[in-house]
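Listed here are the chains, written in short residue letters.
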Amino acid sequence: MSRKLKGLVSFAVLLLFLGASTIGTAWAMPSTQGNLQIASADIAVTKTASPSPVQVGSNLTYSINVANNGPASATGVTLADTIVGGFTLVSATPSQGTCSFASNIVSCALGSLANGASATVAVVVTPTLSGSLVDIAIAQATENDPNPANNVATLNTTVSSTSGADLMITKT
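What you are looking at is a predicted structure, and each value in this text was computed from that prediction instead of being measured. (Residues numbered from 1 in each chain as written. Predicted model: local features only at pLDDT ≥ 70, side-chain atom pairs only at ≥ 80, totals over all residues. Heavy atoms only, no water.)

Description of the overall build of the protein chain
Note the following rule: Starting at the N terminus, helices and strands are each numbered in turn, a helix being any DSSP run of H or I of at least four residues and a strand any DSSP run of E of at least two. Exposed residues in this analysis have more than 50% of their type's maximum accessible area, buried residues have under 20%, and partly exposed residues fall in between, with area computed by a 1.4 Å probe over protein chains only. We call two residues contacting when some pair of their heavy atoms lies within 4.5 Å. Here the open area of atoms and residues is found with the Shrake-Rupley method and a 1.4 Å probe, where only the protein chains shown may cover a residue.
For the protein chain, the count of helices and strands is 1 helix and 12 strands. Reading the helices (α) and strands (β) of the protein chain from amino to carboxyl end gives α-β-β-β-β-β-β-β-β-β-β-β-β. Buried residues in the protein chain amount to 30% of all 172 residues. The long-range share in the protein chain, meaning contacts at least 24 apart out of those at least 6 apart in sequence, stands at 71%. Surface exposure of the protein chain reaches about 9,900 Å², of which carbon and sulfur atoms provide 57%.

Some points on the sheet that holds strand β8 (residues 98-102)
The line we're drawing: Two strands form a pair only when DSSP identifies at least two bridges running between them.
The strand order across the open sheet built from 6 strands is β4-β12-β11-β6-β9-β8, with neighbouring strands paired in mixed fashion. Edge positions in the sheet fall to β4 (54-55) and β8, since each of these pairs with one other strand and no more. As paired elements, β4 and strand β12 (residues 152-160) share 2 bridges and run parallel to each other. Bridge assignment links Q55 to a residue of β12, and that residue is S160.

Considerations on the sheet that holds strand β7 (residues 87-94)
We count it as follows: All axes here are fitted lines through C-alpha atoms, helices being fitted over the stretch that makes contact, and every angle between N-to-C directions spans 0 to 180 degrees.
An order of β3-β5-β10-β7 is seen for the 4 strands of this open sheet, with the pairing classed as antiparallel. A single partner strand is all that each edge strand has here, and the edge strands are β3 (41-50) and β7. Direction aside, the axes of adjacent strands within the sheet are offset by 20 degrees on average. Taken together, the 8 bridges between strand β5 (residues 60-71) and strand β10 (residues 118-127) define a ladder with antiparallel strand orientation. Paired with S63 across the bridge in β10 is A122.

A word on the packing of aromatic side chains
Going by this rule: Two rings belonging to Phe, Tyr or Trp (six-membered ring only in the last case) form a pair when the distance between their centres is within 6.5 Å. Interplanar angles under 30 degrees mark stacking, angles over 60 mark edge-to-face geometry, and anything in between is tilted. Criterion for a charge above a ring: Arg CZ or Lys NZ at most 6 Å from the ring centre, at most 35 degrees from the ring normal.
Counting across every chain of the model gives 1 aromatic pair. Residues F87 and F101 carry aromatic rings whose centres are separated by 6.2 Å and whose planes lie at 75 degrees to one another, so their mutual orientation is edge-to-face. With F87 in strand β7 and F101 in strand β8, this pair connects stretches of sequence that are 14 residues apart. Directly above the ring of Y62 sits K47, whose terminal nitrogen or CZ lies 5.5 Å from the centroid.

Focus on the side chain of N68
With respect to the helices and strands, the residue N68 is situated in strand β5. Ignoring anything within four residues of it in the chain, the contact list for N68 reads A41, D42, I43, S73, A74, L113, A114, N115, G116 and A117.

Considerations on the confidence of the model for the protein chain
Heads up, the condition is: Confidence scores labelled pLDDT are given residue by residue by the predictor and lie between 0 and 100.
With 74% of its residues at a pLDDT of at least 70, the protein chain reaches an overall mean of 82. Predicted confidence for residues 1-32 stays below pLDDT 50, and this span has 23 contacts to residues more than four positions away or in other chains.

Written out as structure tokens, the structure is:
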């Protein structure tokens, strides 16, 4: 058995011992070197809300962008978008993959993103109470993320009452 193959077998045994369920998913072996390296994909989340502020009863659209800043492709990309406040979900539409909704959380399975690629999710809600809606989006992938701080985006949207009209009552 060659020295490189023996080292690879020893490494695979170590991974199995440590409880790794798959070998080769998050690990890559450069062809020019005998050293194993961890593949990494920097997933980043940004979001906007429109309109902001919004009135009770009007639709509010959260546009959430999940980008892979590389250097490797990202697999198993997921997004969890939690909305806190009074609202009714109208829709959750991803540019790729699927989304579902339960307990104020929109969960999306976005699949794979190549280095430099992104996916967007449009989440449309109708606020039911004045005050504010807090939207927290968290994305992750199977690969190691060298910058997990940019995996989370939070947005606070002011919700105003439906009418700005003054009402006056006169007793006669």
